[in-house]
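Fold and contact review
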4 protein chains.
Amino acid sequence: MSKGTVVLAYSGGLDTSCILVWLKEEGYDVITYLANIGQEEDFDAAKKKAESLGAKKVFIEDLRAEFVEEFIWPSVQANAIYEDRYLLGTSVARPCIARRQVQIARQQGAQFVSHGATGKGNDQVRFELTCYAMYPEVKIIAPWRIPEFYNRFRGRKDLMEYAENHAPVNLYLMTKNPEDTCESPDVLEIHFTKGVPVKVINVKDGQSKDTPLGIFSYLNEIGGRHGVGRIDIVENRFIGMKSRGIYETPGGTILYHAHLDIETFTMDREVRRIKQGLGIKFSEMVYNGFWYSPECDFVRHCIDKSQENVEGKVQLSVFKGQVYILGRESPRSLYNEELVSMDVQGDYDPCDASGFIKINAVRLREHHRLQGEASSNR
Amino acid sequence: MSKGTVVLAYSGGLDTSCILVWLKEEGYDVITYLANIGQEEDFDAAKKKAESLGAKKVFIEDLRAEFVEEFIWPSVQANAIYEDRYLLGTSVARPCIARRQVQIARQQGAQFVSHGATGKGNDQVRFELTCYAMYPEVKIIAPWRIPEFYNRFRGRKDLMEYAENHAPVNLYLMTKNPEDTCESPDVLEIHFTKGVPVKVINVKDGQSKDTPLGIFSYLNEIGGRHGVGRIDIVENRFIGMKSRGIYETPGGTILYHAHLDIETFTMDREVRRIKQGLGIKFSEMVYNGFWYSPECDFVRHCIDKSQENVEGKVQLSVFKGQVYILGRESPRSLYNEELVSMDVQGDYDPCDASGFIKINAVRLREHHRLQGEASSNR
Amino acid sequence: MSKGTVVLAYSGGLDTSCILVWLKEEGYDVITYLANIGQEEDFDAAKKKAESLGAKKVFIEDLRAEFVEEFIWPSVQANAIYEDRYLLGTSVARPCIARRQVQIARQQGAQFVSHGATGKGNDQVRFELTCYAMYPEVKIIAPWRIPEFYNRFRGRKDLMEYAENHAPVNLYLMTKNPEDTCESPDVLEIHFTKGVPVKVINVKDGQSKDTPLGIFSYLNEIGGRHGVGRIDIVENRFIGMKSRGIYETPGGTILYHAHLDIETFTMDREVRRIKQGLGIKFSEMVYNGFWYSPECDFVRHCIDKSQENVEGKVQLSVFKGQVYILGRESPRSLYNEELVSMDVQGDYDPCDASGFIKINAVRLREHHRLQGEASSNR
Amino acid sequence: MSKGTVVLAYSGGLDTSCILVWLKEEGYDVITYLANIGQEEDFDAAKKKAESLGAKKVFIEDLRAEFVEEFIWPSVQANAIYEDRYLLGTSVARPCIARRQVQIARQQGAQFVSHGATGKGNDQVRFELTCYAMYPEVKIIAPWRIPEFYNRFRGRKDLMEYAENHAPVNLYLMTKNPEDTCESPDVLEIHFTKGVPVKVINVKDGQSKDTPLGIFSYLNEIGGRHGVGRIDIVENRFIGMKSRGIYETPGGTILYHAHLDIETFTMDREVRRIKQGLGIKFSEMVYNGFWYSPECDFVRHCIDKSQENVEGKVQLSVFKGQVYILGRESPRSLYNEELVSMDVQGDYDPCDASGFIKINAVRLREHHRLQGEASSNR
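Criteria and thresholds
- Residues numbered from 1 in each chain as written.
- Chains lettered and ligands numbered in written order.
- Predicted model: local features only at pLDDT ≥ 70, side-chain atom pairs only at ≥ 80, totals over all residues.
- Heavy atoms only, no water.
- Helix = DSSP H or I, 4+ residues; strand = E, 2+ residues; numbered from the N terminus.
- Buried < 20%, exposed > 50% of the residue type's maximum accessible area, 1.4 Å probe, protein only.
- Contact = heavy atoms within 4.5 Å.
- Polar contact = N/O pair within 3.5 Å; in protein donor to acceptor, adjacent residues only side chain to side chain.
- Least-squares fit on C-alpha atoms with pLDDT ≥ 70 in both.
- Buried area = accessible area lost by both parts, 1.4 Å probe.
- Salt bridge = Lys/Arg side-chain N within 4 Å of Asp/Glu carboxyl O.
- Nonpolar A, V, L, I, M, F, W, Y, C, P; charged D, E, K, R; others polar.
- Phe/Tyr/Trp six-rings, centres within 6.5 Å; stacked < 30°, edge-to-face > 60°.
- Lys NZ or Arg CZ within 6 Å of the ring centre and 35° of its normal.
- Patch = residues over 30% accessible without salt bridge, like charges linked within 9 Å, V, L, I, M, F, W, Y side chains within 5 Å.
- Areas by Shrake-Rupley, 256 points an atom, 1.4 Å probe, with all protein chains shown as cover.
- Lys, Arg positive; Asp, Glu negative; His and termini not counted.
- Charge placed at Lys NZ, Arg CZ, Asp CG, Glu CD.
- Disulfide = S-S within 2.5 Å.
- Pairing = 2+ DSSP bridges.
- Axes fitted to C-alpha atoms, helices over the stretch in contact; angles between N-to-C directions.
- Domains from an automatic or database assignment.
- Expected span 1.5 Å × (residues − 1).

**Topic: the overall build of chain A**
Assigned secondary structure in chain A consists of 13 helices and 12 strands. With the C-alpha coordinates aligned to their principal axes, the bounding extent of chain A is approximately 85 × 65 × 40 Å. Looking at the 378 residues of chain A, the share that counts as buried comes to 62%. Taking contacts inside chain A between residues at least 6 apart in sequence as the whole, the part at least 24 apart equals 70%.

If you want it as structure tokens, here you go:
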């Protein structure tokens, strides 16, 4: 008699294979689900493995396009960056993956979902908050938080190997070491509409991409070739501990710089200031797992609104781990060469600046007066 | 009969030389003042030039040490960065220079100060707000905002040349082009106490510096050699226009990355979040010219307080325009390897994470319930 | 030969009458414009006076409905309050009045606008920023900043009287002294849709209003009768000085409390937190005169978005200067009596709270550990 | 054989008496601890009851003075207010009470602490975070989260009565109904130094208090007599649910208004703006139970710094539930009557305001230009 059906987020690796087997032992019917969000993976082999281990059904879902359009693009609009350095790659993938898992669970009549995230990490939170937000009655089985599971599997050599395979040394899968990259830069032109990249052109060879997935994959390739986007950081997890993270985000890094540039070029200063604060909040929410939350919906809406005029193209070079902005053009630029020129007076009367400064100084002079009085009274 | 004494911020260049002569023509006694904040300059030649043009007195002041300690160091503590990109080099220099100018004016009994900043830029504001804040009764003569001056000098070829000399092409004085830099990285170890660098060691050759000025100059040298810290941006000036800026901040860029790293390593997550907001405010104030203001005093105090535990050393490599953090150590680290380890349970019970997540989901599930009701009522 | 046409914001009082005459003396054709935003005024008398003083045309515009709908309502949605106390009455009126003035100027081919605001106040800024934002080429004549005008009129007795008439003593025009108000409360029910009041019912006598202007006028009347919304404050003007302000906002105060209540009842906690920050920014913008600015447009849009679920009714009593919230109801409430009850367990497992608290304590215990180490090392 | 010693936060009521007995049944030695923070309570009776129920030791601690000085006063400095309405009375009491409990536990060698807070409320969090922050190894027994306890006691009539006694109807213990309060106001003068009240004088009868506890108790008495500080709100608990709260904070409400007034009078505008943001953060932290946290320490320090010049006296009247500010005086006021006067020009040149406004309009006019272009291109 089955305890019910579980949809398990399955990676094909040893750990989720252990979970699959254990769930069956515990009396569940197990449906495995593997999302393709662009990672290198032998999906066929994973499918066969899951079937051979007794999965009742196997779902392999290509989420690449929706991942880029619905999750990466809003993060680009937000200039999302956690604690000033981390571009949120994995954080953004979780809600995308979990959303589909929950859809499968509902559609397959499964009351349970399960995953292989550990009990000290962020991914468990990101995964589960998405599940609860979209399927509030769901029951979640997190084996790495269940003593019967983790006491049994913790010491196993093969799982240790799994851990090793994810350790820093081999982590860089997409990017070359900048010391070993080629000696000539690639020069790209990235076109934006409403804060979202719509085309990338490689100036050198004329290659061009204009679908979201095409653009993002190409930027990952170019960025990777030049060693762009590697970081080694200590970050603050949502659950309250500091952890070391080693990340590579080649395409994301290029887009971060390009978007920042076109945004500053086309967006009013004060709008940008407010939007910057919203972007920081967005990053914290996403990092902490609140993609599907009323506040993240709200902030995404506001950020999207701010991007109405973020349009134009940015030219940049990618070289030895660096992204250099070379220039930008926009039909909606607020940059006014004549206004800013030292030689053209135009509409601008420099005498106004005297008044501007003096009025700004009123408060400072009052403060000085008070301090003088205070010190003369002592 | 003299109209009074003016202390003129004098650069030795053509434009402030014109101002010097013009002020004399207008009937003022002129004292010139040239601050050494580390720029390349022939100070002797400038002195002679000022004297030959009729300066009553010539002050050449070495402000390098106080510039680093009192202005750069607090900016490092703040991770000061304007509009996510500009490290505020010049912005921070203005209050340092103007402070001394005002001191000279008071001490010399001068009622007037003057400068060569243009009428559309930020520097006029930074300069004058400092003057008004520290010497509220001072009278400021800003020739580039006075029609009699600028109508007369605007078209002059030599002044045009001055402008050209400050144009983008030749702007990079400190940094090499990353394409031309040496092929092997320098590896540095930077030690911090209370958020301020106290020593730098070059791991390769053992060179070491431990005075503020020594450290900062050395980082400028190393950063410059590897082409670190060049940016080409469009920024928003305080007076409301966008302008293009090309900057190089080699030492500042190294320090920005190193400080960010040691800070995240040693500072509590939530303190950091509040401090990040204060740092953004600090950057805006400094950019806009409010270094000497009650709010900037206040924020500097708060940021300084936040740095109490920011202590330790960061290892980094500098290569081809990039700064890579290699690692960090601290006696006050909040990073706890055992706590974060997947293999050691220690004090941490992973079951608690389930409760943590479920309580965080209460709100999300309520939101879902409401939306469901809303849609079923339609 | 006329210097051109000026549209003058005319109040019918002595000061703007002086301005009218002076502008004519200076050689302008003068069109007067008087906005009715609900103030007590003899508009006919003002019209006649303007004509008799030589106004070329006289516009009297009833802006009451648009003032409430387009300016007051967004402020209610924002819970707009400046420096924690001032409900922004006048600040919100200025852009409404100036917008129409600019429209008249454009339509009448006038290149100039003029107003009677003083040179030290906020109103000049609010007025003129609106004009520049909507009619960038407009020329503004602000006589109180023009030495020929203010040196001539400053000492005049009649103008002094004008000033007196605006002095604190007689300022309260709408509200009774709470000590003299009636001894029984009025109980109102205010209905909101999308954060905006759509109906008010007086529970005692069944009176009801359901147009924006009707609602607002009625709340002013009820609030005034009970002495609601008087404040005596010192505030910080945009131009950098502190000034004393005595205000009465009877209807606005009732709406502030009612909206705050229904908003908290229906809005997600974290959305509210972000929206609270936006509301503070909005208040500063409006106070400073930036109603018509890209940032204010943006923030209004975001706040409006946040109000989608702010629907329901609030019951309150108005008595002796106070507004007491008695209760609230909403079809979109996030308040869940069952969830919050001590007696019903429902879906909520109190054990989860233990995990929630322990995970929240991870960071605090780490901090304690570090401090212990630090002190034991001393 | 005892399981160990528990220090129980004991109220003398039925619920904590049940807990006391249950803990003994479970095999613990129980020390009871009752904090006097100013509530009405028969402490002797509580002591006898605890002893008769088998408490091994009974601590009754008078924390009134430290509660006011170390917890209320910093909240006054912060203008602490949660979600724009709740003055944080209970929230601030928890850390004060729990701190002493933890001290007793350490000193008595107790490994356990226990409390009677429910599993859905905020108080459990406030209590326990304080315990973990100050005594990380402590074990907490929260019976209302332990099924064996709450399943047994939940239905009991006497506990139900306990709940009723805390229900809204009888909640107002300190304040009279404003409809029944006396017909003449009390007028008070409150003196502040560094943002903290140092003296209160009743202008009518000359009564005066100048100790923290004396001041706070007196303000509670006066406020209570006039029905000040009652609110009926829905608030957002930290654990994610909305709950209804009915509070009375008579003295706190008077202090909130008085402090706000003297603060605005003496504090620079921009410092205040930053401090306002910190105060909001402080309120959230305190409400959520993070009084003892690195971020709350940091923010308290910053807020305290901001209060250096907050000095002077405020006159106010208290009447029918309202607090009216009548006036303020300060030796450190930034209010400058001459500067703000319409009749005195002084140092202020109104022409400067023209420049100030025009420069502020640069950005708005640019925005208008762009929009015009955008629409003409359509």
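**Let's talk about the side chain of Arg100(B)**
Residue and element names in this part refer to chain B. Mapped onto the fold, Arg-100 is located in helix H4 (residues 89-107). The exposure class of Arg-100 is buried, given its relative accessible area of 17%. Within the structure, the side chain of Arg-100 is placed 2.5 Å from the side chain of Glu-61, a separation counted as a polar contact. What Arg-100 contacts, discounting residues up to four positions off in sequence, is Tyr-33, Glu-61, Leu-63 and Gln-107.

**Topic: unusual backbone geometry**
The backbone phi angle of Lys194(A) is positive, close to 50°, even though this residue is not glycine. With a relative accessible area of 48%, Lys194(A) lands in the partly exposed category.

**Looking at the environment of Lys48(C)**
Among the structural elements, Lys48(C) can be located in helix H2 (residues 43-52). Looking at Lys48(C), the relative accessible area reads 58%, which means it is exposed.

**Here we look at the relation of the copies chain B and chain A**
For the pair chain B and chain A, the superposition axis carries a translation of 0.0 Å, the fit reaches an RMSD of 0.0 Å, and the rotation angle comes to 180°. Taken together, these values place the two copies in the relation of a two-fold axis. Most of the interface of chain B is mirrored in chain A, where 100% of its interface residues are also at the interface.

**Section: the interface of chain D and chain B**
At the interface, 21 residues of chain D touch 21 residues of chain B. When the two sides are added together, the surface that chain D and chain B hide from each other amounts to roughly 1,900 Å², 81% of it contributed by carbon and sulfur. For the chain D face of the interface with chain B, the top three residues by lost area are Ile274(D), Phe298(D) and His301(D), together amounting to 31%. At the junction of chain D and chain B, the tally comes to zero salt bridges. For the interface between chain D and chain B, the tally reads one residue pair in polar contact (both at pLDDT 80 or more). Going through the elements one at a time, helix H10 (269-288), helix H11 (294-306) and helix H13 (350-377) of chain D are the ones with two or more residues in the side of chain D that touches chain B. Of all the elements, H11(D) adds the most residues to the side of chain D that touches chain B, at eight residues. Within the side of chain D that touches chain B, the residues separate by chemical class into 12 nonpolar, three polar and six charged.

**Digging into the relation of the copies chain D and chain B**
Superposing chain D onto chain B takes a rotation of 180° plus a shift of 0.0 Å along the axis, which leaves an RMSD of 0.0 Å. When the interface residues of chain D are mapped onto chain B, 100% of them again lie at the interface, so the same face is used by both copies.

**Examining the packing of aromatic side chains**
Taken as a whole and judged by the stated rule, the model has 55 aromatic pairs over all chains. Consider the rings of Phe71(C) and Trp291(C), whose centres lie 4.9 Å apart with planes at 35°: the pair is tilted. With Phe71(C) in helix H3 (residues 64-77) and Trp291(C) in the loop between helix H10 (269-288) and helix H11 (294-306), the pair connects residues that are 220 residues apart, well separated along the chain. The burial state of Phe71(C) is the same as that of Trp291(C); both residues are buried. An aromatic cluster is present here, built from Phe238(A), Phe290(A), Phe356(B), Phe356(C), Phe238(D) and Phe290(D) joined pairwise through their rings. When the ring centre of Tyr287(B) is taken as origin, the NZ or CZ atom of Arg126(B), which lies over that ring, is 4.7 Å away.

**Notes on a positive patch on the surface**
Together, Lys281(A), Lys281(B), Lys281(C) and Lys281(D) make up a positively charged patch on the protein surface. In this structure, Lys281(D) sits in helix H10. A residue is classified by how much of its surface remains accessible, and Lys281(D), at 37% relative accessible area, is partly exposed.

**Some words on the state of the cysteines**
Throughout the structure, instances matching the rule amount to zero disulfides over all chains. With no disulfide of its own, Cys18(C) lies closest to Cys351(D) among cysteine sulfurs, the gap being 19 Å. Residue classification places Cys18(C) among the buried residues on the basis of a relative accessible area of 9%. Among the cysteines around Cys296(D), which has no disulfide bond, Cys302(D) carries the closest sulfur, lying 11 Å off.

**A word on the sheet that holds strand S2 (residues 29-36) of chain B**
Residue and element names in this part refer to chain B. Spatially, the five strands line up as an open sheet ordered S3-S2-S1-S4-S5, and their pairing is parallel. In this open sheet, the two edge strands, each paired with only one partner strand, are strand S3 (57-62) and strand S5 (139-141). Averaged over all pairs of adjacent strands, the angle between strand axes in this sheet comes to 25°, irrespective of strand direction. Note that strand S4 (residues 112-114) and S5 share three bridges and pair parallel. Looking across to S5, one finds that Phe-112 is bridged to Lys-139.

**Thoughts on the domain arrangement of chain A**
Residues and elements named next belong to chain A. When cut into domains, chain A gives domain 1 (4-65 + 88-165) and domain 2 (178-329). Look at where the C-alpha atoms of domain 1 and domain 2 centre, and you get two points 29 Å apart. Counting residues at the interface gives 18 residues for domain 1, matched by 15 residues for domain 2. Across the domain 1/domain 2 interface, buried area totals approximately 1,400 Å², and carbon plus sulfur atoms make up 69% of it. Three residues, Leu-88, Lys-120 and Asn-122, lead the burial of domain 1 against domain 2; their summed loss comes to 32% of the area buried on that side. On the surface where domain 1 and domain 2 come into contact, there are zero salt bridges. Counting across the domain 1 and domain 2 interface gives five residue pairs in polar contact (both at pLDDT 80 or more).

**Side note on the interface of chain B and chain A**
The interface of chain B with chain A comprises 91 residues on the first partner and 92 residues on the second. Counting each side, the surface lost to burial between chain B and chain A is near 8,400 Å², with a carbon and sulfur contribution of 57%. On the chain B side of the contact with chain A, Lys120(B), Lys242(B) and Arg269(B) bury the most area, a combined 9% of that side's loss. Across the chain B-chain A interface, the total number found is 10 salt bridges. Between chain B and chain A we count 33 residue pairs in polar contact (both at pLDDT 80 or more) in total. With 14 residues, helix H13 (residues 350-377) of chain B is the largest single contributor of residues to the side of chain B that touches chain A.

**Concerning helix H9 (residues 250-266) of chain B**
With 17 residues, H9(B) extends 25 Å from end C-alpha to end C-alpha; this agrees with the ideal 24 Å at 1.5 Å per step. A large share of H9(B) lies buried, amounting to 16 of its 17 residues.

**A word on the environment of Gly12(C)**
Residue and element names in this part refer to chain C. Counting through the fold element by element, Gly-12 comes out in the loop between strand S1 (4-9) and helix H1 (14-25). On the basis of relative accessibility, which here comes to 16%, the residue Gly-12 falls in the buried class. Residues Gly-12 and Gly-116, 104 residues apart in the sequence, show an inter-C-alpha distance of 11 Å. In contact with Gly-12, not counting residues within four places along its chain, are Ser-17, Ala-46 and Lys-49.

**Brief notes about the pairing of strand S6 (residues 186-193) of chain C**
Residues and elements named next belong to chain C. When you tally the buried positions in S6, you get six out of eight residues, the bulk of the element. The pairing of S6 with strand S11 (residues 312-319) spans seven bridges and is classified as antiparallel. Across the sheet, residue Asp-186 finds its bridge partner in S11, namely Val-318. Connecting S6 to the next strand, strand S7 (residues 196-202), in antiparallel fashion are two residues, including Lys-194 with a positive phi near 50°.

**What to know about the sheet that holds strand S3 (residues 57-62) of chain A**
Residue and element names in this part refer to chain A. Taken in spatial order, the five strands make up an open sheet running S3-S2-S1-S4-S5, and their pairing is parallel. Every interior strand has two partners, whereas the edge strands, S3 and strand S5 (139-141), have only one. With strand direction ignored, the average angle separating the axes of adjacent strands in the sheet is 25°. For strand S2 (residues 28-36) and S3, the ladder comprises six bridges, and the chain directions are parallel. What sits directly across from Ala-35, in S3, is Glu-61.

**Section: the pairing of strand S12 (residues 322-329) of chain D**
Residues and elements named next belong to chain D. In terms of residue burial, S12 counts as a mostly covered element, since six of its eight residues are buried. As defined by bridge partners, strand S11 (residues 312-319) adjoins S12 across seven bridges and the pair is classed as antiparallel. Across the sheet, Ser-317 pairs through a bridge with Tyr-324, a residue of S12.

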